[in-house]
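Close look at the chain arrangement
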Amino acid sequence: MKKPLLLLTFLICLGQVYAQKMKPEDTEFWEPEPVVVTPGEGTAPPSDAIIIFDGTNLDNWENMKGEKAEWEVSDGAMTVVKGTGAIRSKVIYGDCQLHIEWRTPAEVKGKSQGRGNSGVFLQGIYEVQVLDSYENRTYSNGQAASIYKQSMPLVNACKPPGEWQTYDIIYKAPIFDEDGKLATPAYITVLHNGILVQNHYQIKGDTPYIGLPKYEAHGEGPLMLQDHGNPVSFRNIWLRKL
Ligand code: MG
């Protein structure tokens, strides 16, 4: 047997002897202990969530000029009022777990990008598309649950128009160095109606309609919801900062 091989065999044997001598508690740790969070009943938020919209008012929101958000609130939901523009949360965040429910109009109008279009913009920049993608073909990286113009969803998990749908998003914010250069890109995991559609996707930058994605240094940012001219509704919006 060659010398290196002999040494390797010896080390493996030594490791096995040592492993046999270990006790169960040698591989346990007790500190720190995870904080207790109480799960919500049904679709209710967990105890440590920041509730951004509870169905009653838009106090936690503003328009893009920092003025009062003018979307309509009724029946526990908020709905885009065409022409009033996007709205953003007053809370800003970085890494997070986000829950949001949305509904495209029951009355089907338009096609492709013109049907039930809105968007969930992480940190106000990176769009997870909201669209009625139920029997409504459009470009794959622009359908519901796509990272707009970047990544199509793994599957089409859309419910029919008029039904409430959920996004559960795990988001890792990008990190920029002191010169504003990208050090670590953003990552996103999306579950659409409980089905995995984006699996730790590495975001390439912002999500423009025209042109290629790019990063520009930023800090914490709000949740932004898009006014694309269609009366899309949202409810039960909460996030947990990570
Ligand atoms: Mg959109």
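1. Side note on the coordination of the magnesium ion
Surrounding the magnesium ion are the protein donor atoms Asn117 (OD1), Ser118 (O), Glu127 (OE), Gln129 (OE1) and Gln226 (OE1), at 2.2 to 2.4 Å. Within one chain, the residues serving as donors to the magnesium ion are arranged as N-S-x8-E-x1-Q-x96-Q. Remark: glutamine 129 occurs in strand 8 (residues 126-130) and serine 118 occurs in strand 7 (residues 118-122); sequence separation between them is 11 residues.

2. Focus: the pattern of salt bridges
Tallied over the entire structure, the rule returns five salt bridges. Ionic pairing is found between arginine 235 and glutamate 101, a salt bridge with its closest N-O pair at 2.7 Å. You can see arginine 235 sitting in strand 15 (residues 233-241) and its partner glutamate 101 sitting in strand 6 (residues 96-103), a full 134 residues away along the chain. Judged by its relative accessible area of 30%, arginine 235 is partly exposed. The residue aspartate 206 makes a salt bridge to lysine 214 at a minimum N-O spacing of 3.3 Å. A relative accessible area of 45% means that lysine 214 is categorised as partly exposed.

3. Observations regarding the pairing of strand 15
Burial of strand 15 is extensive: seven of the nine residues sit out of reach of the surface. In terms of strand pairing, strand 4 (residues 77-79) meets strand 15 through two bridges, oriented antiparallel. The residue bridging methionine 78 from the neighbouring strand is phenylalanine 234, located in strand 15. Bridge analysis of strand 6 against strand 15 gives seven bridges, and the strand direction is antiparallel. Bridge pairing in strand 15 places histidine 99 opposite tryptophan 238.

4. Points about the nonpolar core
When a protein is soluble and globular, its nonpolar side chains tend to lie buried together. Counting residues in hydrophobic clusters, the biggest one holds 43 residues, and the most contacted among them are Trp61, Val120, Tyr167, Tyr171, Phe234 and Ile237. Take this core: its biggest share by element is four residues, from strand 6. Those residues in contact with phenylalanine 234 that sit more than four places away from it in its chain are Phe53, Trp71, Ala77, Met78, Ile100, Glu101, Trp102, Ser118, Val120, Val130, Trp164 and Leu225.

5. Observations concerning the side chain of histidine 99
Assignment of secondary structure puts histidine 99 in strand 6. Histidine 99 sits in the buried class, given a relative accessible area of 7%. Here the side chain of histidine 99 touches aspartate 168 through a polar contact of 2.8 Å, side chain to side chain. If sequence neighbours within four positions are ignored, histidine 99 has contacts with Thr166, Tyr167, Asp168, Asn236, Ile237 and Trp238.

6. A closer look at the pairing of strand 9 (residues 165-172)
Alternating residues of strand 9 divide into Gln165, Tyr167, Ile169 and Tyr171, all buried, and Thr166, Asp168, Ile170 and Lys172, none buried. Bridging between strand 6 and strand 9 involves seven bridges; their strand directions are antiparallel. Counterpart to isoleucine 100 in the pairing with strand 9 is tyrosine 167. The pairing of strand 9 with strand 12 (residues 187-192) spans six bridges and is classified as antiparallel. Paired with isoleucine 170 across the two strands is threonine 189, which belongs to strand 12.

Reading guide: rules and limits
Residues numbered from 1 in each chain as written. Predicted model: local features only at pLDDT ≥ 70, side-chain atom pairs only at ≥ 80, totals over all residues. Heavy atoms only, no water. Donors = N, O, S within 2.8 Å, 3.2 Å for Na, K, Ca; no water. Helix = DSSP H or I, 4+ residues; strand = E, 2+ residues; numbered from the N terminus. Salt bridge = Lys/Arg side-chain N within 4 Å of Asp/Glu carboxyl O. Buried < 20%, exposed > 50% of the residue type's maximum accessible area, 1.4 Å probe, protein only. Pairing = 2+ DSSP bridges. Core = buried A, V, L, I, M, F, W, Y, C linked by side-chain atoms within 4.5 Å. Contact = heavy atoms within 4.5 Å. Polar contact = N/O pair within 3.5 Å; in protein donor to acceptor, adjacent residues only side chain to side chain.

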